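# Observations on the model geometry
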Amino acid sequence: MGCDGGTIPRRDELVRLKKKPEQKDKDAERQFRWKHCNLTQERLQQPIVMCGLGRLYSKQNVIEHLLEGKMPEACVHIKSLKDIKDLNLTANPAYEEAQDDKSAQFICTLIGLEMSGQFRFVALWKCGCVFSERALKEVKDKNCSVCLTPFSEEDVVILNGTQEDMDLMRTRMEARVARLKAEKKAKSDKKIKAKEASTAETMASNGEKDALEAGPSKPITAVKPGNTSHKPIIPNKRALISDKIGDDPTFKKSKQDYSVAKDPKATAVYKSLFTSHDSEKDQKRAHWVTYNPFYN
């Protein structure tokens, strides 16, 4: 039965062929990577950040995983917020959330290409600005075309690149970390040297002050016979102070050998008030200031 009328069966109708493995939809996979967080596979939410390898994350998800200390193996290179960078994205005016499959949420700020994965996009690690790789090649200047921040080749990060791109981004990330450590060490050494210089200057200024307080005269050097060593004799501070006190007329009057009658600067009227005056030596009455027991 069957095959009447000269029907010729095909080979695939007679032979069972091995089924091909189910293949992923490349377009769907590409759109998923550009619209979902690489850490939680949830929808990307602002603020959006990238790591040194060019993967996209929601910043809130990264912070939560860092606080919990449960970072997946694919993201072990993210150890702190210093390992991620906030992205400056340009919203697509034609994007509608209800019809998100037709257009991308963000575009290149320079030439307007949609950031959907059909075109390669890059970001600068220093400033976080995002634009298409085509725009980067057209602009030869080594300053960001958006914010004019200078950058080097190591600062260019390819977003959601291939495996070869990931290997290149890892090399650039390690070079960037090494450069930052070297700059930090250089700044630390510079601060230490500045602190040491400031301390030495302070000690020198304090030494000059001590020398001025000690007096302008240089210390006298005593030399003993047969001895070549010279020891400075420091002037006695008490002697210096006593000399200064002796020069003061107020302290001269407090000495025991001081007498008003012998003071050349005192007037005759002032001298007559004291018992040391000639008119008061032979008087027969008691002195009005002092107590004299002979006249009681």
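Above this text sits the structure in question.
Just so we're clear, the structure is a prediction, and the values are computed from it rather than from any experiment.

Inspection of every chain in the model, using the stated rule, returns three cavities of 30 Å³ or more. Here the largest cavity defines a volume of roughly 90 Å³. Forming the boundary of the largest cavity are W34, K35, R43, L44, I48, Y95, A104, Q105, F106, M115 and S116. Of the residues that constitute the lining of the largest cavity, the class distribution is seven nonpolar, two polar and two charged.

Our focus in this paragraph is the pattern of salt bridges. Enumeration according to the criterion identifies seven salt bridges in this entry. When the shortest N-O distance is used, the salt bridge between R172 and E153 registers 3.3 Å. Of this pair, R172 sits in helix α5 (residues 163–214) while E153 is found in the loop between α4 (133–138) and β8 (156–158), placing the two residues 19 residues apart along the sequence. What makes R172 buried here is its relative accessible area of 14%. Given a relative accessible area of 45%, E153 falls into the partly exposed group. Across the pair E154 and R179 runs a salt bridge whose closest N-O atoms are separated by 3.5 Å. Taken as a pair, E154 in the loop between α4 and β8 and R179 in helix α5 lie far apart in primary sequence, 25 residues in all.

Reading the values: the criteria
Residues numbered from 1 in each chain as written. Predicted model: local features only at pLDDT ≥ 70, side-chain atom pairs only at ≥ 80, totals over all residues. Heavy atoms only, no water. 1 Å grid on protein atoms, 1.4 Å probe; cavity = no way out; pocket = protein on both sides within 12 Å on 5 of 7 lines; lining within 4 Å. Points joined across faces, edges and corners; volume = space filled by probe spheres on them. Nonpolar A, V, L, I, M, F, W, Y, C, P; charged D, E, K, R; others polar. Salt bridge = Lys/Arg side-chain N within 4 Å of Asp/Glu carboxyl O. Helix = DSSP H or I, 4+ residues; strand = E, 2+ residues; numbered from the N terminus. Buried < 20%, exposed > 50% of the residue type's maximum accessible area, 1.4 Å probe, protein only.

These results come straight from atomic positions and should not be treated as a statement about function.
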